[in-house]
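Coordinate analysis (summary)
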Amino acid sequence: MQQLIQRLRNQPLSQQLAFAATGWCLLATLILVAVAAQSTQSIQHQTLTQHAHAAAQQLAARASNELATGDRLGLSAELQFFTDQALFAGARALDIEGTELAISGFIPAGANAYEQTMSIDGNTAGTVALYLDLSQQQTARETLIWGLIALSVLLSAAVYALTRPMGQRLARNINDAV
């Protein structure tokens, strides 16, 4: 770090000004990238949570109908309907005692379950659980972040290209004044 600072001090004034402007620009844009990444994650989490709760309620209503008629194949089909969607990795239905009635997809280790109670004629008949597959959302978020970082670097390079001639002019004016 000391060598870098020493090298920078040995550069002409125009270079020093350009590097300073570029560094501050890069720092400011990277802070904005971090804020945008955090904001995106928060909004995405809230949206996915709301969607998963709504889907779990819908699944519970549909599964309750199948359970009421004793159609376990229909129950499996209802679970399969949800796991065929890209957002859900797995779904399962449990009876009131916790015995698994049907399962579809895969249950990711450590994944949050969005559970909803199934009821038949007002009585609790069991629960359904949906598990999210966030791999596509995570990939899209990472792509967004890397794109914003690349944009920050390009913007900083543009600032360098613009401030260097300005610094040269300033250095020439200072030199003329001295």
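Residues numbered from 1 in each chain as written. Predicted model: local features only at pLDDT ≥ 70, side-chain atom pairs only at ≥ 80, totals over all residues. Heavy atoms only, no water.

1. Some points on the overall build of the chain
Secondary structure assignment for the chain yields four helices and four strands. When its helices and strands are written in sequence order, the chain yields α-α-α-β-β-β-β-α. For 178 residues, the compact-globule estimate of 2.2 N^0.38 gives 16 Å, and the chain exceeds it by more than 25% at 29 Å. Summarising its shape, the C-alpha atoms of the chain cover approximately 95 × 25 × 25 Å along the three principal directions. Per-residue burial over the chain gives 29% buried out of 178 residues. Long-range contacts, defined as pairs at least 24 residues apart, comprise 63% of the intrachain contacts of the chain with a sequence gap of at least 6. Of the roughly 11400 Å² of accessible surface on the chain, a fraction of 59% belongs to carbon and sulfur atoms. (Helix = DSSP H or I, 4+ residues; strand = E, 2+ residues; numbered from the N terminus. Rg over C-alpha atoms; globule rule 2.2 N^0.38 Å. Buried < 20%, exposed > 50% of the residue type's maximum accessible area, 1.4 Å probe, protein only. Contact = heavy atoms within 4.5 Å. Areas by Shrake-Rupley, 256 points an atom, 1.4 Å probe, with all protein chains shown as cover.)

2. Thoughts on the side chain of Asp95
Relative to the assigned elements, Asp95 resides in strand β1 (residues 88-95). Within the buried core, Asp95 has no salt-bridge partner, and the shortest N-O distance to an opposite charge, that of Arg72, equals 7.4 Å. A distance of 2.9 Å separates the side chain of Asp95 from the backbone nitrogen of Glu97, its partner in a polar contact. A distance of 2.8 Å separates the side chain of Asp95 from the backbone nitrogen of Thr99, its partner in a polar contact. In contact with Asp95, not counting residues within four places along its chain, are Leu101, Ala125 and Gly126. (Lys, Arg positive; Asp, Glu negative; His and termini not counted. Salt bridge = Lys/Arg side-chain N within 4 Å of Asp/Glu carboxyl O. Polar contact = N/O pair within 3.5 Å; in protein donor to acceptor, adjacent residues only side chain to side chain.)

3. Side note on the confidence of the model for the chain
Averaged over all residues, the pLDDT of the chain equals 88, while 100% of them reach at least 70. At the low end of the mean pLDDT range in the chain sits helix α1 (residues 2-10), at 77; at the high end sits β1, at 92. (pLDDT = per-residue confidence, 0-100.)

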